[in-house]
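This is what each chain is made of:
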Amino acid sequence: MSKLILLRGGRVVDPSQRLDAVADVLIADGKIAAVGARVAEGAPGAEILDCAGLVVAPGFIDVHCHLREPGREDVETIATGARAAAAGGFTAVCAMPNTDPVTDNQAAVGFIVRQAQRADAARVYPIGAVSVGQKGGSLAEFGEMVGAGAVAVSDDGKPVASAHLMRTALEYARTFGIPVADHCEEPTLAQGGAMNEGLMSAKLGLKGIPSEAEEIMAIRDILLARRTGGHVHLCHMSTRGSVDLIRWGKERNINVTAEVCPHHISLTEDAVDGYDTNAKMNPPLRTADDVEALRDAVKDGTIDVIATDHAPHHYDEKEREFADAPNGIVGLETALAVNVTWLVRPGILDVPTLVERMSVAPARIFHLPGGTLRPGAPADVTVFDPAAEWVVEPARFRSKGRNSPYAGMTLTGRVHFTLVDGRVIHRAG
Amino acid sequence: MSGPLGKDLLGLEPLSGDQIRLILDTAEPFKEISERAIKKVPTLRGATIVNLFFEASTRTRVSFEFAEKRLSADTVNVAASGSSVSKGETLVDTARNLEAMRIDMVVVRHGASGAAQFLAERIESNVINAGDGTHEHPTQGLLDLLTLRDHFGKLDGLKVCICGDVLHSRVARSNIWGLTKMGARVAVCGPRSLLPNAIDGMGVTVFDHIEEAIGWADALNVLRLQLERMTAGYIPSLREYNRVFGVSRERLERAGRDLLILHPGPMNRGVEIDSDVADGPFSVILDQVTNGVAVRMAVLYLLSGGRPELAEAAKGGGGAAR
């Protein structure tokens, strides 16, 4: 007798099949069996999850997070990260390779795959390094890493400074059909910068990172994608100029995709006032004008996906002088709520478009399973309440990281159930 | 305790014009103490003050120390070299340890912008910012304001140009906030590579040529040019800097009227300022140093709970209402 689960009476939103209707979803043997009004009749004895008033969506996929294992297990492990992901409604996450040692070979990739299996929470897909040791020199072994389970390559955390290296990475990646995800940052312009360059950095006396540090690399990458035909994925875009450049590339059918982080569509550089190190990340929080452009770009699809750039740090490391504090914030457990609060509630995105950006598109551009509730697909499902309000309390995070600029804020949008392969891996407490 | 300035003095940006005026007015009676044969009043008797200097400083540290001692406070100087990171102890641990010794005030200088605020938010003692990174140096700003007010009688409507490396200058920021809040008009002049890109948003005029600045201003506050700006690629050479932006007697004479000359020190003679200007009749550079002690006494007095209207009496012998 196969295990049956019935997600009953929810608003099923699946942009992969243009579906947005109240329906039941029947899961059998870890796969989607049926979606419709009367599917319950064929499933006596199914475990029933009441989804009335909730949105039932294909599971969210985060193409950009840092799980810190191996190397900084005091800050996060693959297990705690995968559980934090599940709590945030993510059924799969892609782990960046800036670990210690760097994930730049098949053995290191295999380690992450095994640790993820043991964690038994959200799926974890490794991203391999572009260059050996992320040093920007010679190419890492893309083929062997893909063979071990890598789904993309990136030197994230560091930019690929050499245009030649980026070019060859884009060319070489074509054999394996994987994106090259780049952290766009012109290193000589960004050097020593701690926040956005602008009025706030002038007031606070902090060295700024100008928008152009990102934009110069974004257009370089787009031009190299045009030259090579490779797929460049631009990580965590933060400026209006970058949006314009991506639009320019897409109009010319260049193989470029892009992501934005929840913090870049919700907060501005003003959050840094008072030297709040939980508002320190790279790329930095920008201006209200940039935020507006990024929101529009998520709406019109210029930006394909929303990704968290989840970056846990030990609280000691954030509890110090601003310039010395590390970049990054945790994001897995607040992403949905931030997106609902700042994109859906103000009417910028409807729920189907939100699901497209958080599930369907990430699966499509990184060639991952999931992102659909079609019968036969793995039953990776996220059930959330788009109207529920909750107060962000970092002490309750499943992540080991507590570094969130949203601490204490009341946000809207709460995950109720997260299912992977038809198993409930998170249930709202 | 929280007096008319609040718990701490972290910068001039958070202060109102009235608060700045209060400090300057309170400094007036304290000036006279330093002119006495016995330069000591019991105002802060029993108060414990730590001068916590993470960056080398002679002038500011000595000035604070004299201000404290002339008010009879017990002072300890801690010279912590380098940042907290290289020192091995974090700033928050340093703060907690000081707090555990039940001190009353900390005067802190640190190479990181925001370090004074960081400390202030974590300890109950009063914190006075003696310069944090490239953020603010409020007591320097105040002594510059006092010196200008002494000379011109008022600050409202005064035209002051800050010359040089504004980008890396905490003195410049404190002067911009303090002067604009007191109704003065502020300009900056220097190579664009040493001015913050968004400087216009701080309510100042920008002059690209020192001749224009001299033609406009009533007073010039000439900033020290850190020699390492050259190696970091902000300017080609000190020689060229002097030729293009240096404040020289020839340039001042061409203005056809007298400009007051301030400099926060230490000076690079022959770079940002020529010796005959620094030593000339319109230089108030040493008056600034003298006023520094009075302004710091006023800040210490007000933060310790001293009532401004009693400052005149306090210097005579009565303790502050602490």
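Residues numbered from 1 in each chain as written. Chains lettered and ligands numbered in written order. Predicted model: local features only at pLDDT ≥ 70, side-chain atom pairs only at ≥ 80, totals over all residues. Heavy atoms only, no water.

(A) Structural detail: the overall build of chain B. Counting its secondary structure elements, chain B contains 14 helices and 9 strands. Taking 2.2 N^0.38 as the reference for a compact globule, 322 residues should give roughly 20 Å; the C-alpha atoms of chain B span a radius of gyration of 19 Å, in line with that estimate. In terms of its C-alpha atoms, chain B occupies a principal-axis envelope of roughly 55 × 45 × 35 Å. Buried positions account for 58% of the 322 residues belonging to chain B. Positive and negative charge centroids in chain B, built from 37 and 40 side chains respectively, lie 2 Å apart. (Helix = DSSP H or I, 4+ residues; strand = E, 2+ residues; numbered from the N terminus. Rg over C-alpha atoms; globule rule 2.2 N^0.38 Å. Buried < 20%, exposed > 50% of the residue type's maximum accessible area, 1.4 Å probe, protein only. Lys, Arg positive; Asp, Glu negative; His and termini not counted. Charge placed at Lys NZ, Arg CZ, Asp CG, Glu CD.)

(B) How the structure looks around the environment of Leu259(B). All names here are of chain B. When you line up the elements, Leu-259 lands in the loop between helix H11 (249-254) and strand E9 (260-262). Given a relative accessible area of 3%, Leu-259 falls into the buried group. Considered as a pair, Leu-259 and Asp-156 are 103 residues apart in the sequence and their alpha carbons are 17 Å apart.

(C) Representation of the domain arrangement of chain A within the structure. Residues and elements named next belong to chain A. You can read the domains of chain A as domain 1 (4-56 + 378-427) and domain 2 (59-365). The distance between the C-alpha centroids of domain 1 and domain 2 comes to 25 Å. Each partner contributes to the interface: domain 1 provides 40 residues, whereas domain 2 provides 47 residues. Summed over both sides, the interface of domain 1 with domain 2 buries roughly 3,300 Å², with 63% coming from carbon and sulfur. For the domain 1 face of the interface with domain 2, the top three residues by lost area are Lys-400, Asn-403 and Tyr-406, together amounting to 22%. Between Arg-123 and Asp-380 there is a salt bridge, with the nearest N and O atoms lying 2.6 Å from each other. Taken together, domain 1 and domain 2 are joined by 20 residue pairs in polar contact (both at pLDDT 80 or more). Contributing elements (two or more residues each) for the side of domain 1 that touches domain 2: strand E1 (4-14), strand E16 (381-391), strand E17 (410-420) and strand E18 (423-427). When its residues are assigned to classes, the side of domain 1 that touches domain 2 shows 18 nonpolar, 10 polar and 12 charged. (Domains from an automatic or database assignment. Contact = heavy atoms within 4.5 Å. Buried area = accessible area lost by both parts, 1.4 Å probe. Salt bridge = Lys/Arg side-chain N within 4 Å of Asp/Glu carboxyl O. Polar contact = N/O pair within 3.5 Å; in protein donor to acceptor, adjacent residues only side chain to side chain. Nonpolar A, V, L, I, M, F, W, Y, C, P; charged D, E, K, R; others polar.)

(D) Up close: the interface of chain B and chain A. Counting residues at the interface gives 26 residues for chain B, matched by 15 residues for chain A. Across the chain B/chain A interface, buried area totals approximately 1,600 Å², and carbon plus sulfur atoms make up 57% of it. Three residues stand out in chain B for area buried against chain A, namely Ser113(B), Phe118(B) and Ala198(B), and they jointly supply 23% of the buried area on that side. Viewed at the interface, chain A and chain B are joined by 1 salt bridge. Linking Glu319(A) and Arg122(B) is a salt bridge whose minimum nitrogen-to-oxygen distance equals 2.7 Å. If you look at where chain B meets chain A, you find 7 residue pairs in polar contact (both at pLDDT 80 or more). Counting residues per element, the side of chain B that touches chain A draws most heavily on helix H5 (residues 115-122) of chain B, which supplies 5 residues. Across the side of chain B that touches chain A, the residue classes break down as 11 nonpolar, 10 polar and 5 charged.

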